[in-house]
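# Residue-level structure breakdown
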Amino acid sequence: MTDKFAIKDENGMEQYFDGIAKDKKDKILETKLLIYECEGTESQIKEWFKTINIAGVPLVPQELLNAIYSGPFVTLGKEEFSNSQNANIQKWSAYIKGSANRQAFFERALDWVSKGSIDDYMSIHRNDKNINELKRYFNSVIDWISSVFTDVESEMCGLEWGRLYEQYHKKAYDPKKVSAEIRKLYGDPYIKNRKGIFEFILCGSANTKFLEVRIFDEATKKSVYASQTKKAESKGKSNCPHCAIGHDANKSKIWNFDEMDADHVAAWSKGGKTTAKNCEMLCRTHNRAKGNR
Ligand SMILES: [Zn+2]
């Protein structure tokens, strides 16, 4: 025989279980629960939770913090951020990794408003009867992301949006231009790190370190080195084109392959390709002097 039965969870919400056999239901209802009531300072309670968190499915850090700082603030926070029925969850999921049940959104909201000091923030606000500041800050980050980046890309999920918001939200962006630039960069086969595209754009589309632009492979470097060196030797000049036009002792120096690095003749950021035609070997010093392009 089966029937419906409900138990109340920690928030007083009724959770229904369908089709549970009577013997199992009785077993659940008759199971003796071991309940610890702990008193003490926050740090003592924290230690205690760490101790008992070894058995069963371990609590994630935010679940532990919710238990330690339980009170009106946590209850309200969970109602907003840990309720999988909240219609906003889908929108939030574009930018935040994880599930509402395991506190991913509550954790991120706290992380953003507290600039990374979740523990302290929860301790200070533990007895607050509202979560206005938390909600306001969280929504300003989310609204900012969706106003700057009108398209949603899978690589946006899990970026450090709290830090990016703090760093860039006062700058003005044209969402249409941003969208066009994203399309262009997504189509560029030389970009290895697509997750970096967003901060690359936010900080002014100049710093290519965010993109990890693909570098020349060994075969290309070796063949460019060989032809460059052959030409240089026949002219009695250095095989580093920058050394060759200099006036010091290095102007006729032939560098070994492992003393040189490959460089884009036309910078990648100016449309230069990562192909043999656009590859030039420079001595280490001159390559470094050309900087990050
Ligand atoms: Zn040089």
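Residues numbered from 1 in each chain as written. Predicted model: local features only at pLDDT ≥ 70, side-chain atom pairs only at ≥ 80, totals over all residues.

### Points about the overall build of the protein chain
What the protein chain contains, in helices and strands, is 14 helices and four strands. The globule rule puts the C-alpha radius of gyration for 293 residues at 19 Å, and the 29 Å found for the protein chain is more than 25% above it. Projected onto the principal axes, the alpha-carbon positions of the protein chain cover approximately 95 × 45 × 40 Å. Counting only residues that meet the buried cut, the protein chain has 22% of its 293 residues in that class. Taking as baseline every contact in the protein chain between residues at least 6 positions apart, the subset at least 24 positions apart corresponds to 51%. (Helix = DSSP H or I, 4+ residues; strand = E, 2+ residues; numbered from the N terminus. Rg over C-alpha atoms; globule rule 2.2 N^0.38 Å. Buried ≥ 20, exposed ≤ 12 C-beta atoms within 10 Å, placed from the backbone. Contact = placed C-beta atoms within 7 Å.)

### Structural notes on the pairing of strand β4 (residues 279-283)
Here β4 lies mainly inside the structure; five of its five residues are buried. Here β4 shows no split at all, with Cys279, Met281 and Cys283 on one side and Glu280 and Leu282 on the other all buried. Judged from the five bridges that link them, strand β3 (residues 260-264) and β4 form a sheet pairing that is antiparallel. Within β4, the position partnered with Ala262 by the bridge is Met281. (Pairing = 2+ DSSP bridges.)

### Re the nonpolar core
With 33 residues, the main nonpolar core has Ala109, Leu110, Val113, Phe138 and Val141 as its most contacted residues. For this core, the elements supplying multiple residues, two or more each, are α4 (72-81), α6 (104-113), α7 (118-125), α8 (132-148), α9 (161-168) and α11 (197-202). At seven residues, α6 tops the list of elements feeding residues into this core. Looking at this core, you find at least three residues from each of domain 2 (38-170) and domain 3 (173-213). Not counting residues within four places of it along the chain, the set of residues in contact with Leu110 comprises Ile118, Tyr121, Met122 and Leu134. Counting eleven residues, the second-largest nonpolar core is a separate cluster that includes Trp255, Ala262, Met281 and Cys283. (Core = buried A, V, L, I, M, F, W, Y, C linked by C-beta atoms within 7 Å. Domains from an automatic or database assignment.)

### Let's talk about the packing of α6 against α8
Where α6 contacts α8, the two axes come as close as 9 Å, and the packing angle between them is 90 degrees. Of the possible angle classes, the one that applies to α6 and α8 is roughly perpendicular. Contacts between α6 and α8 involve Ala109, Leu110, Trp112 and Val113 on the former and, on the latter, Glu133, Leu134, Tyr137, Phe138 and Val141. Here the residues of the contact of α6 with α8 sort into eight nonpolar, no polar and one charged. (Axes fitted to C-alpha atoms, helices over the stretch in contact; angles between N-to-C directions. Parallel < 35°, antiparallel > 145°, perpendicular 65-115°, else oblique. Nonpolar A, V, L, I, M, F, W, Y, C, P; charged D, E, K, R; others polar.)

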